[in-house]
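Summary of the model geometry
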Amino acid sequence: VWNFSAGPAALPPPVLERAQRELLDWNGSGASVMEQSHRGKRFIAMAERVEADLRELLAIPADYAVLFLQGGATQHFAQIPMNLAGEGDSADYVVNGHWGAKAAGEAAPYVRVNVAASSQADNYLRLPPRESWQLDPRAAYVHYTPNETIHGVEYHDVPVVGDVPLVADMSSNILSEPLDVSRFGLIYAGAQKNIGPSGLVLMIVRRDLLERSSRPMARIFRYAEHAAAASMLNTPNTWGWYLAGLTFEWLKEQGGVAAMGERNRAKAEKLYAAIDGSGGYYRNPVDPAARSRMNVPFTLHDSALDADFLKESEAAGLMALKGHKALGGMRASLYNAVPLAAVDALVAFMGDFARRHG
Ligand code: PLP
């Protein structure tokens, strides 16, 4: 079975197999990793290794902290302004899809949100051109969503925003290709697409930004406290942290993010070529320059065929192709754990379906 879910998404089979092997006896301890004290020697050694592997994979500079947090990306839509903006500050939001709009909405109680650019009028099917962004040089930060999971739009370059820290929700594209971390102030990602199970949030944040906000808040909300406590301010998501570590090891074995980037590009090119070459039977509505490598929405020429497409694709072992209700039709998510063979199987099925249902 090939899993094209947008999230929670497929994990690499070797990661799941190893987790299964180690489930009852982790690291020679005689117990599951879920039963270990996070303050014990074994767990702390693992946590340090996981961070080191991530630092190696993304070449994270030393002046950035790596945090393993909870609450999903959504909680951090609110927590980021609490930490990066002071009373009365404004922040620029570039809204190029559902999640960016949600991030701006959740931030509003904590910072003056300035929507610096939006592609809502284009139904988020293209990116707001960089020259249209109304950035404020005094903004506390600029927030954007490099890959919009629902609309299937992606930036293929990191925008230049001057000295204002760039904040990126990379929930659906982190670790999918090489990344110059030094271009960002803060990167965060819910784990459930390219990293591991939901509930874990990975954050990479420039250390000087940790000390920014002087507003009163509970310690548990303050990133500086999490950094000082090595992400163990309270009981962390130990299971998620462990699985993230297995994924990072797998990524290193695959040749790291450079190899992943090439593979992801090849997968996406193949699927878009099949859609574009179908003579209008299938259609992707996104501006070709903004097409996502991770999430590929597509419609059939006649939506009356959708139910048959879904039933037959599932019977053919192609899981979770139903599109988001915002766009209708189908969506194939091609995260790191989805191999080229899965795309081959999907493309073959699409061709066969079109021939049979003409
Ligand atoms: N941001 C993006 C880009 C997403 O795709 C999602 C969906 O999972 C979220 C944020 C929300 O993440 P969470 O459910 O972890 O809060």
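Residues numbered from 1 in each chain as written. Predicted model: local features only at pLDDT ≥ 70, side-chain atom pairs only at ≥ 80, totals over all residues.

A word on the sheet that holds strand β14 (residues 330-333)
Convention followed: When DSSP finds two or more bridges between a pair of strands, those strands are recorded as paired. Labels follow the DSSP assignment, with helices taken as runs of H or I lasting at least four residues and strands as runs of E lasting at least two, numbered in each case from the N terminus.
With antiparallel pairing, three strands are arranged side by side in an open sheet as β11-β12-β14. Bordering the open sheet on either side are β11 (282-283) and β14, each of which pairs with just one other strand. Direction of pairing for β11 relative to strand β12 (residues 295-300): antiparallel, over a ladder of two bridges. Within β12, the residue paired with Arg283 across the bridge is Thr299.

With respect to unusual backbone geometry
Here is the rule: To sort residues by burial, count the other C-beta atoms lying within 10 Å of each one's C-beta; a count of 20 or more means buried, 12 or fewer means exposed, and anything in between means partly exposed. C-beta atoms are built from the backbone.
The omega torsion of the bond from Gly7 to Pro8 falls at -10 degrees, within 30 degrees of zero and hence cis. Within the secondary structure layout, Pro8 lies in the loop between β1 (2-3) and α1 (13-22). Positive phi is not limited to glycine here, since Ala59 has a value of about 45 degrees. Mapped onto the elements, Ala59 comes out in the loop between α2 (41-58) and β2 (64-69). Unusually for a residue other than glycine, Asn123 sits at a positive phi of about 55 degrees. By the secondary structure assignment, Asn123 is in the loop between β4 (112-118) and β5 (142-144). Using a count of 13 C-beta atoms within 10 Å as the deciding quantity, one classes Asn123 as partly exposed.

Let's talk about the nonpolar core
Definition in use: For this analysis, nonpolar core means a set of buried Ala, Val, Leu, Ile, Met, Phe, Trp, Tyr and Cys residues linked through C-beta atoms within 7 Å. Placing C-beta atoms from the backbone, we regard two residues as in contact once those atoms come within 7 Å.
Core analysis: the largest hydrophobic core is formed by 100 residues, its most contacted members being Ala189, Leu202 and Val205. Beyond its immediate stretch of four places on either side in the chain, Ala189 contacts Ala73, Met170, Ser171, Ile174, Ile195, Val201 and Leu202.

Thoughts on the domain arrangement of the protein chain
Stated precisely, the cut-off is as follows: Domain start and stop points were drawn from an automatic or database domain assignment. Polarity classes work like this: nonpolar for Ala, Val, Leu, Ile, Met, Phe, Trp, Tyr, Cys and Pro, charged for Asp, Glu, Lys and Arg, and polar for all others, with Gly in that last group.
Taken domain by domain, the protein chain holds domain 1 (13-253) and domain 2 (256-357). One C-alpha centre belongs to domain 1, the other to domain 2, and the line joining them spans 27 Å. The set of elements that each furnish at least two residues to the side of domain 1 that touches domain 2 consists of α2, β7 (153-154) and α6 (238-253). Grouping the constituent residues of the side of domain 1 that touches domain 2 by class yields nine nonpolar, nine polar and five charged.

Here we look at the site of the ligand
For clarity, the cut-off: Think of it this way: take the backbone, place a C-beta atom on it, and check whether that atom is within 6 Å of the molecule or strand, in which case the residue is near it.
All residues in the neighbourhood of the ligand are listed as Gly7, Gly72, Ala73, Thr74, Trp99, Thr145, Thr149, Asp169, Ser171, Ser172, Gly190 and Ser198. In terms of residues, the shell around the ligand owes the most to one element, helix α3 (residues 72-84), which gives three residues. For the shell around the ligand, the residue count by class is two nonpolar, nine polar and one charged.

Considerations on the sheet that holds strand β9 (residues 186-190)
The following threshold applies: All axes are obtained by fitting lines to C-alpha atoms, using only the stretch in contact for helices, and the reported angles, taken between N-to-C directions, cover 0 to 180 degrees.
The seven strands are arranged β2-β10-β9-β8-β5-β3-β4 in an open sheet whose pairing can be described as mixed. Lying at the two open borders of the sheet, with one neighbouring strand each, are β2 and β4. Between one strand axis and the next, the sheet turns by 20 degrees as a mean value, whatever way the strands run. Two elements, strand β3 (residues 90-95) and β5, share two bridges in a ladder whose sense is parallel. When the sheet's bridge partners are listed, Tyr93 is paired in β5 with His143. Across the sheet, α3 lies against β3, β8 (166-169), β9 and β10 (201-206), angled at about 155 degrees from β9, the strand it touches most. In this fold helix α4 (residues 98-107) packs onto β3, β4, β5 and β8, with an angle of close to 160 degrees to the strand it touches most, β3.

What to know about the pairing of β8
Here β8 shows two buried faces, one formed by Leu166 and Ala168 and the other by Val167 and Asp169. Here β8 pairs with β9 via three bridges, running parallel. Within β9, the position partnered with Val167 by the bridge is Leu186.

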